[in-house]
Amino acid sequence: MYAVVLLVCCSWVALLCPSVQAYENLALKKPAWQSSTEMSYNGAELAVDGLYTDLSWDGGQCAWSVGGQTTAEWGVDLGGVKYIHHVFIQYATDNWVWDEYNGYTGYFLGFSVYISNTTNKEDGVLCFRDTIYTRATIPNPVNITCPYHGRYVIYYNNRTHPPYPEGYSYDVYIELCEVEVYGCPTPGRYGENCSLLCPENCHCDVIDKTCVECVPGYKGHLCYEECGGHTYGLECKQSCGNCSGGVQCDHETGSCPKGCDAGLYGDKCDLECGGHTYGLGCKQSCGNCSGGVQCDHVTGTCPNGCVAGMSGDKCDLECDGHTYGLGCKQSCGNCSGGVQCDHVTGICPNGCVAGMSRDKCDLECGGHTYGLGCKQSCGNCSGGVQCDHVTGICPNGCVAGMSGDKCDLECGGHTYGLECKQSCGNCSGGVQCDHETGSCPKGCDAGLYGDKCDLECGGHTYGLGCNQSCGNCSGGVQCDHVTGICPNGCVAGMSGDKCDLECGGHTYGLECKQSCGNCSGGVQCDHVTGSCPKGCDAGLYGDKCDLECGGHTYGLGCKQSCGNCSGGVQCDLVTGICPNGCVAGMSGEKCDLECAGRTYGVECKQSCGNCSGGVQCDHVTGNCPNGCDAGMYGDRCDLECGGHTYGLGCNQSCGKCSGGVQCDHVTGICPNGCDAGLYGDKCDLECAGHTYGVECKQSCGNCSGGVQCDHVTGNCPNGCDAGMYGDRCDLECAGHTYGVECKQSCGNCSGGVQCDHVTGKCPNGCDAGMYGERCDLACGSYKYGVECKEVCGNCSNGIPCHHVDGSCPSGCDAGAYGVTCKESCGNCSNRDTCNDVDGSCPYGCDVGVYGKTCDKACQSGRYSISCAKACGQNCQGCNRFNGVCEFGCQPGWTGTFCEKRKVFAMTMKTSRFLLNWWIFNRSSTELFS
């Protein structure tokens, strides 16, 4: 009997004991944590204190969490990355027999063990996940082989995906009395005594020196080979960025030794230039791309063309060659000096050439104007046609009465009519006739009649208006049309120049034709000779005193000179008085005084204008010799500035006065304020300081680059700052848009709320399946759900699961099942793969298990495939895999299957020794059960 028992025990010891004894418990007394703690004496550290003789919840040796939870986690920090061989777990039993009736078995079922280099189990590897045990079959304690390296060992259980297999509890606890982690305490070593060194750059298997994993930057069976082929990092699975010259990046870090190719930046050259930069080192600035989009990160070319006013592949050239606008396809107008117009708006910076108007100088002067700024008025062109917009010349001549190329001169020089080719008649006073009709404004000189004074008096009339009748002239001829004098003398019996007097006093000669002169004292002249005995009266001269003073003389002896009589007539021969007044500019009875006292013209009745310095104007024309006072213009300075001008010479332009009214002709001040967008007394200052509108009282919106908005409308010339829209950029982006021109769409913000109108960031996080500040990135790296915190299951061919619900689009990998492929198949017959939907095994179960998913250990008294066989009738409990009676035989029986009767008796001392030895090594057999 001894030999048999010893043989069986030794066979178990050979499977586990030698390797277990060689490794150190790395977890003993190390820091530990758990997801919650039931009582102060149930802390996580009790699971690594080396004590587990009392397996009850209140015995002070077991870690215990709060109940009623759907997840439970416990972990231990080994103090550094260690090479692990296996993990030993002693679960609580409350010091009761561990079998299917022990209430703790249901809480132990479904547990997992992870090895990680962080406190997050998802960052590590899954060592073990229970998918096959039942309440009747789950061992306790249990040894789990975990040939991995890591710093943290994490125990985890959950009840998050009902329904659960039969026997599972509905919630989970941490009920760990001891967790022992066996392995090599020194990294880089392996073997039974942890005395052998792993190959360089290798995380090797703790038992043999097989490289389980290479350190980042190395590959190959023994991790001697550096990453190449433009790869780097762990397992050489990361691709290098675009290193300058196509060189290999650093095999460990991925950094590029000589910088990046054009268009890339970052240590790894895996980031494209942004922020409107491109080229080597992203040091070149993009041009003005249409819509503010990023230019090509390598070449700098703009993908959708340029903003208005720019050209070239890179949109860095302003329009020239007298073009402007989108694509530089619009032609500039006629800018002053032939300069280039504004490349964006087409506006001419220094105004227009003569004859053109508007901001773009693309409209010829009209409305009978011409010249610079269309400020000069045309004359009276024939037919009312527009004069030449540049020179002001009339193309078809002038209307009647006007002359000059520009038809701005009235006919003069006693002419009138078309082309001033007709001569005026003899207008009274020698004045100019009407320049259009030829009519005389003040009547005719003596002896003339008709509207134009071009007809001599007839019908025996004469004098002013032909209102005087002639006498009896010799031969009946017409008397002189001016004086009435008969040209050939009088008929017999008549006397007088006009032959209307009979010969009488103071006449003499034949037919009384000879008159006495004006003898001094009124005496009769000599009746024969007509001579005066005592000389002549004033105004006469000659022997007979019959000659009147002439040559503009008068008085006694005709010795005094006349002044400037109107029409050039002779003054009164006696007094010197001018009979019809004076020529323009002269005054006094004798017309010998120039106009003064700021008067001029005929009879000095016209007042001078506002001559500069208050000087006297020209006494004849009224012209000012030194120009005009401010605000006045014209030769005579009698016209106030108009046409929105003011000041000296009317050379200053008014600002934009409210209602378009004329500014003060002297000061330029606007009487009723300014048009919208202007300010200042003269309304010549555009609104600034981010204001616009009437009196500049309205504030600009958020214009792009902080530029001034349009001073009149408030519109922003170059668009809005990011997050704003509208002509005035005073509206925040809405409708799930953000950024420049609100052209970028918000991501999937939690609850469908609007993202930040400027940055696009989501204020309350993301919808399930999305992450990033803008929630525009679908979960990757095999994550899903809210905040991408859930880890995908084992999806077929490593395809990522659905980023929202974690479902696998193409089913599960072999060995996994369920919607999320997180459930592990049981032990199917012949290691077949279970159904990936419900976990059922198509050809039944493997040895030692049964149930739909082959995850239930054989019930007591059953073993083999699908637990189809019954244990030997003499067993007190057989091994569920091979039927060996591992819990002893009924009294009187022995053998592997208790098929032999006892043939000898043992002493009590020997029996107790073997029983204690068997109990000591019982836990070793669990590793292979």
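Residues numbered from 1 in each chain as written. Predicted model: local features only at pLDDT ≥ 70, side-chain atom pairs only at ≥ 80, totals over all residues. Heavy atoms only, no water.

- The name that an unreviewed UniProt entry assigns to the protein is Cell death abnormality protein 1-like isoform X10, with the source organism given as Crassostrea virginica.

1. Considering the overall build of the protein
Part 1 of the argument: When its secondary structure is counted, the protein shows three helices and 71 strands.
Part 2 of the argument: In terms of C-alpha radius of gyration, the protein reaches 63 Å, well past the compact-globule figure of 30 Å for 929 residues.
Part 3 of the argument: Seen along its three principal axes, the alpha-carbon backbone of the protein occupies a region of about 220 × 55 × 50 Å.
Part 4 of the argument: Considering the protein as a whole, with its 929 residues, one finds that 40% of them fall into the buried category.
Part 5 of the argument: A sequence separation of at least 24 residues applies to 31% of the contacts in the protein between residues at least 6 apart.
Part 6 of the argument: When the accessible surface of the protein is summed, it comes to about 47,600 Å², and 50% of that surface belongs to carbon and sulfur atoms.
Part 7 of the argument: Within the protein, the 102 negative side-chain charges are centred at a point lying 13 Å from the centre of the 55 positive side-chain charges. (Helix = DSSP H or I, 4+ residues; strand = E, 2+ residues; numbered from the N terminus. Rg over C-alpha atoms; globule rule 2.2 N^0.38 Å. Buried < 20%, exposed > 50% of the residue type's maximum accessible area, 1.4 Å probe, protein only. Contact = heavy atoms within 4.5 Å. Areas by Shrake-Rupley, 256 points an atom, 1.4 Å probe, with all protein chains shown as cover. Lys, Arg positive; Asp, Glu negative; His and termini not counted. Charge placed at Lys NZ, Arg CZ, Asp CG, Glu CD.)

2. A short note on the state of the cysteines
Part 1 of the argument: Enumeration according to the criterion identifies 60 disulfides in this entry.
Part 2 of the argument: Across a sulfur-sulfur distance of 1.7 Å, Cys424 and Cys433 are joined as a disulfide pair. An S-S torsion of about -55° defines the bridge between Cys424 and Cys433 as left-handed. Summarising the burial analysis for this pair, Cys424 and Cys433 share the class buried.
Part 3 of the argument: With a sulfur-sulfur separation of 1.9 Å, Cys427 is cross-linked through a disulfide to Cys440. One quick way to see it: the torsion about the S-S bond of Cys427 and Cys440 is about -70°, and its sign makes the bridge left-handed. (Disulfide = S-S within 2.5 Å.)

3. Some thoughts on a nonpolar patch on the surface
Part 1 of the argument: Taken together, the side chains of Met39, Tyr41 and Trp57 make up a nonpolar region of the molecular surface, amounting to roughly 260 Å² of accessible area.
Part 2 of the argument: Its place among the elements puts Met39 in the loop between strand S2 (32–34) and strand S3 (63–64).
Part 3 of the argument: Of the residues examined, Met39 reaches a relative accessible area of 36% and is grouped as partly exposed. (Patch = residues over 30% accessible without salt bridge, like charges linked within 9 Å, V, L, I, M, F, W, Y side chains within 5 Å. Salt bridge = Lys/Arg side-chain N within 4 Å of Asp/Glu carboxyl O.)

4. Description of the pairing of strand S8 (residues 149–158)
Part 1 of the argument: Within S8, eight of the 10 residues are buried, which leaves the element mostly enclosed by the surrounding structure.
Part 2 of the argument: Pairing of strand S4 (residues 71–91) with S8, which is carried by nine bridges, proceeds in the antiparallel orientation. Its bridge partner lying in S8, Trp74 is registered against Tyr155.
Part 3 of the argument: As paired strands, strand S5 (residues 112–116) and S8 are joined by five bridges and run antiparallel to one another. Bridging across to S8, Ser112 finds its partner in Tyr156. (Pairing = 2+ DSSP bridges.)

5. Considerations on the environment of Ser239
Part 1 of the argument: Tracing the chain through its elements places Ser239 in strand S17 (residues 238–239).
Part 2 of the argument: Apart from the residues within four sequence positions on either side, Ser239 is in contact with His230, Thr231 and Tyr232.

6. Things to note about the side chain of Glu180
Part 1 of the argument: Assignment of secondary structure puts Glu180 in strand S9 (residues 175–184).
Part 2 of the argument: For the buried Glu180, no salt bridge is present, and the opposite-charge side chain at shortest range is Lys29, 11 Å distant.
Part 3 of the argument: A distance of 2.7 Å separates the side chain of Glu180 from the side chain of Tyr182, its partner in a polar contact.
Part 4 of the argument: Contact partners of Glu180, with chain neighbours within four places excluded, come to Asn25, Tyr52, His86, Val87 and Phe88. (Polar contact = N/O pair within 3.5 Å; in protein donor to acceptor, adjacent residues only side chain to side chain.)

7. Side note on the environment of Ser382
Part 1 of the argument: In this fold, Ser382 is placed in the loop between strand S29 (376–377) and strand S30 (402–403).
Part 2 of the argument: On the accessibility criterion, Ser382 (26% relative accessible area) is partly exposed.
Part 3 of the argument: As for Ser382 and Trp64, which are separated by 318 residues in sequence, their C-alpha atoms are 114 Å apart.
Part 4 of the argument: Setting aside chain neighbours within four positions, we find Ser382 in contact with Asn396, Gly397, Cys398 and Val399.

8. Quick look at the pairing of S9
Part 1 of the argument: Burial analysis of S9 places 10 of its 10 residues in the buried class, which makes it a mostly covered element.
Part 2 of the argument: Sheet analysis places strand S1 (residues 24–25) next to S9, joined by two bridges and oriented antiparallel. Note on S9: the bridge partner recorded for Asn25 is Tyr182.
Part 3 of the argument: Sheet topology places S3 next to S9; two bridges connect them, and they run antiparallel. When the bridges of S9 are listed, Trp64 appears paired with Glu175.
Part 4 of the argument: Looking at chain direction, S4 and S9 are connected through eight bridges and run antiparallel. Considered in S9, the bridge of Ile84 is made with Gly183.

9. Focus on the nonpolar core
Part 1 of the argument: Core analysis: the largest hydrophobic core is formed by 42 residues, its most contacted members being Trp74, Ile89, Phe108, Phe111, Val153, Tyr155 and Leu176.
Part 2 of the argument: Elements represented by at least two residues in this core include exactly S3, S4, S5, strand S7 (142–145), S8 and S9.
Part 3 of the argument: The element contributing the most residues to this core is S4, with eight residues.
Part 4 of the argument: Residue contacts for Leu176: discarding those within four places in its chain leaves Ala47, Cys62, Ala63, Trp74, Ile89, Gln90, Tyr91 and Tyr155.
Part 5 of the argument: Grouped together as the second largest cluster of nonpolar side chains are 15 residues, Tyr23, Cys214, Tyr218 and Cys223 included. (Core = buried A, V, L, I, M, F, W, Y, C linked by side-chain atoms within 4.5 Å.)

10. A closer look at the packing of aromatic side chains
Part 1 of the argument: Applying the stated criterion across every chain, the model contains 13 aromatic pairs.
Part 2 of the argument: Judged by centre distance (6.4 Å) and plane angle (65°), the rings of Tyr91 and Trp98 are edge-to-face. Judged on exposure class, the residue Tyr91 and its partner Trp98 are both buried.
Part 3 of the argument: Between Tyr107 and Tyr173, the ring centres sit 5.1 Å apart and the planes meet at 85°, which makes this aromatic pair edge-to-face. Placement of the pair is Tyr107 in helix H2 (residues 105–108) and Tyr173 in the loop between S8 and S9, with a sequence separation of 66 residues.
Part 4 of the argument: Look at Tyr107 and you get partly exposed, because its relative accessible area is 22%.
Part 5 of the argument: Following the ring pairs from residue to residue traces out a cluster consisting of Tyr91, Trp98, Phe108, Phe111, Phe128 and Tyr155.
Part 6 of the argument: Over the face of the ring belonging to Tyr156 we find Lys121, whose NZ or CZ atom lies 4.2 Å from the ring centre. (Phe/Tyr/Trp six-rings, centres within 6.5 Å; stacked < 30°, edge-to-face > 60°. Lys NZ or Arg CZ within 6 Å of the ring centre and 35° of its normal.)

11. Considerations on the pattern of salt bridges
Part 1 of the argument: Taken as a whole and judged by the stated rule, the model has 14 salt bridges.
Part 2 of the argument: Its salt-bridge partner being Asp838, residue Lys852 comes within 3.7 Å of it at the nearest N-O pair. One end of the pair, Lys852, is in the loop between strand S66 (849–850) and strand S67 (856–857); the other, Asp838, is in the loop between strand S65 (823–824) and S66, with 14 residues separating them in the sequence.
Part 3 of the argument: The exposed category is assigned to Lys852, whose relative accessible area is 58%.

12. A look at the environment of Gly447
Part 1 of the argument: Along the chain, Gly447 turns up in the loop between strand S33 (422–423) and strand S34 (448–449).
Part 2 of the argument: Residue Gly447 is classed as buried on the basis of its relative accessible area of 0%.
Part 3 of the argument: Separated by 145 residues in the primary sequence, Gly447 and Cys302 place their C-alpha atoms 92 Å from one another.
Part 4 of the argument: In this structure, Gly447 is in contact with Leu455, Glu456, Cys457, Gly463, Leu464, Cys466, His481 and Val482, ignoring residues within four places of it in sequence.

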